[in-house]
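Residues per chain, in single letters:
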Amino acid sequence: DGIGMARLAWSRLPTADGAAPLPEGPAASAPAQDELFVGAVESLDYEVIENYAYREEQAQRSKFWVPYYIMLKWFFALLIGVGTGLAAIFINLAVENFSGWKFTLTFAIIQHSYFVGFLVYILLNLALVFSSVYIVTQFAPAAAGSGIPEIKGYLNGVDTHGILLFRTLVGKIFGSIGSVGGGLALGKEGPLVHTGACIASLLGQGGSAKYHLNSRWVQIFESDRDRRDLVTCGCAAGVAAAFRAPVGGVLFALEEVTSWWRSHLMWRVFFTSAVVAVVVRSAMNWCDSGKCGHFGAGGFIIWDISGGQEDYSYQELLPVAIIGVIGGLLGALFNQLTLYITKWRRTYLHKKGKRVQIFEACLISLITSTVSFVLPLLRKCSPCPELETNSGIQCPHPPGTDGNFVNFYCSKDNEYNDLATIFFNSQDDAIRNLFSAKTFHEYSAQSLITFLVMFYSLAVVTFGTAVPAGQFVPGIMIGSTYGRLVGMSVVKFYKKLNVDEGTYALLGAASFLGGSMRMTVSLCVIMVEITNNLQLLPLIMLVLLISKAVGDFFNEGLYEEQARLKGIPLLDSRPKQVMRNMNAKDACKNQKVVCLPRVSRVVDIVSVLQSNKHNGFPIVERGQNGESLVIGLILRSHLLVLLQSKVDFQNTPFPCGPGILNRHNFSDFVKPASSKGKSIDDIHLTDEELGLYLDLAPFLNPSPYIVPEDMSLAKV
């Protein structure tokens, strides 16, 4: 009957009474921490539960089912690529056009009055940021932040409620348009990864049932394994769309978010990223004819610096190593500061309600707008440098369009304001200006230091507000600023070398991202793909290795820190030393095992579910010689399905025959993706029903994973 073998495999029930006391120290506080997470976080079930219903369904499948299933997976990979590509184009179009109109209008007004221009600029930014924070706080609270820690948790088997819902997707798209368009010190790249994951998850579950946008025929992906694979494709698609870097997207999914990988998945993720690249490229070709307003000026490669420094000498390795060390230090400091501020926010600010969150975001918007408008006004303008006639760069640049050498509050026509070139500009254009080659002495060291200090502070404070916020672009801005500073000193120090300041800006950007996010391979490829400069690959690799090593000395990466703060329990890559001296029995000391007999009374099942929060229960049967044997494990969610359907209740306390198995399909037991599922409080039973019995044998998992009680916790 499928249970006989399981009886032999299982040992006697472990008793919780004889376990040794827990040691003092970090491990001792673990259960208390877990209790905090119980309500918010649940495990995904990657294990296939081979009960009777599952076996029956497998037996009934036709020989065409497997080809259909494989074909559907590839079709979904195509849809995820197209959907994420379109979402990215929409966000980019909206952000670029809002920024473009904002700067054009402000520049038109400041020709007549700087004060009126300042007010208009502040109000436009405030309106955009308010729209973003309002959408997030009132409609989609899970859309706040970058979303990468939550998706990382999901792909490591931890389901946080609400992160992949339809309303989160809508909140993420419109929220990031408002927050990035409103000029805050954050980017749209992290939210795009979350957007791709939401699109993938919604496709995998056949749409959204709540908003009646669902279809039955695609609801074939019922296991958490299949959904996980789709979400992995969505993550890669998000990065590929954000940076127009398809290979970088695949490597990001492999290195940063998933903990489990196989070659079949690599194929599909690669295909999804390729589809995204084609979609984004087609949209940009269409936009070339000027139909999209301010969008598409950068071309497919966002910050093309292929015309920059051709070669480098061994003498430059020292300044490159210094950039790596600075990146590691500033990145680790950034992680630590954001951690402290986010903790403080959660403890004091965000408990006071949504109005405080809205007020906080609007206040930060006011500060950011004031800083970016007023600081360039305090800066003296510089005369235009001598430029090569064929460089394609004009000075001063006409205001309101993207380019170097912005004329802002200058008395003469042939002057430019170097601080306005990076501060009073959209982020993509500011980075393009910092990376630009052949523009020596465009920035003074004083301006770069001012920008670095102010923007670093703004990025730290903005991270953690209730708006969708990516960390890639601010990281690139911060890094390229101090990179350019190092580049300027290298130009001064080695007078003869063919050194380009823009090269060092790129290396600085890579070093800060490496020091903060601790990514290496994927970041290296992304940096090469977004700048189209292969010559610098060895230098980028060196910088990333140094900055990651320096950052790791101080703390964990940004996403790991934020995941821990949000209560997402990620499994460490290597177990802590204290776990080698504990065994499985010690770790379970405070957790009392709750088991059920094979044929249980309905009232007993209900009281067990109400009285504790376990998600699985061993099922026990008396053996021939009277001792208790475990015959399998039943999940809480499956018990709730049985109690709600009521079709399996019986009058007698004896095991039932084989005739009952056709009452349930395997799909009845599938948990809806990223929602809370059923609760015992939603199930209403009469007194008569509570007195009936339920045979649990057909629904249990007869062969779950087993760990001996004396196995060391490190091995577990």
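Residues numbered from 1 in each chain as written. Predicted model: local features only at pLDDT ≥ 70, side-chain atom pairs only at ≥ 80, totals over all residues. Heavy atoms only, no water.

Draft legend 1. Spatial organisation of the environment of asparagine 125. One can find asparagine 125 in helix α5 (residues 114-138). Along the chain, asparagine 125 and serine 179 lie 54 residues apart, while their C-alpha atoms are 8.7 Å from each other. Separated by 3.0 Å, the side chains of asparagine 125 and serine 369 make a polar contact. (Helix = DSSP H or I, 4+ residues; strand = E, 2+ residues; numbered from the N terminus. Polar contact = N/O pair within 3.5 Å; in protein donor to acceptor, adjacent residues only side chain to side chain.)

Draft legend 2. A look at the sheet that holds strand β7 (residues 596-597). Spatially, three strands are ordered β7-β9-β10 in an open sheet, and the strand pairing comes out mixed. Here the strands that pair on one side only, and so sit at the sheet edges, are β7 and β10 (628-635). Relative to strand β9 (residues 616-622), β7 runs parallel, the two sharing two bridges. Paired with proline 597 across the bridge in β9 is valine 620. (Pairing = 2+ DSSP bridges.)

Draft legend 3. Quick look at the state of the cysteines. Using the criterion set out here, one finds one disulfide in the structure. Residue pairing for cysteine 381: its cysteine sulfur links by disulfide to cysteine 410, the two sulfurs lying 2.0 Å apart. Because the torsion about its S-S bond is -85 degrees, the bridge between cysteine 381 and cysteine 410 counts as left-handed. Of this pair, cysteine 381 sits in the loop between α13 (354-377) and β5 (382-383) while cysteine 410 is found in the loop between β5 and β6 (415-416), placing the two residues 29 residues apart along the sequence. Per residue, the accessibility class of cysteine 381 equals that of cysteine 410, and both read buried. Lacking any disulfide linkage, cysteine 198 is separated from the closest cysteine sulfur, that of cysteine 235, by 9.8 Å. (Disulfide = S-S within 2.5 Å. Buried < 20%, exposed > 50% of the residue type's maximum accessible area, 1.4 Å probe, protein only.)

Draft legend 4. Structural context of empty space enclosed by the protein. Scanning all chains against the criterion turns up five cavities of 30 Å³ or more. At the level of elements, α4 (65-110), α5, α13, α14 (418-423), α15 (427-435), α16 (445-462) and α17 (472-493) are the ones that each hand at least two residues to the lining of the largest cavity. It is α4 that provides the largest number of residues to the lining of the largest cavity, a total of five residues. By residue class, the composition of the lining of the largest cavity is 14 nonpolar, eleven polar and five charged. (1 Å grid on protein atoms, 1.4 Å probe; cavity = no way out; pocket = protein on both sides within 12 Å on 5 of 7 lines; lining within 4 Å. Points joined across faces, edges and corners; volume = space filled by probe spheres on them. Nonpolar A, V, L, I, M, F, W, Y, C, P; charged D, E, K, R; others polar.)

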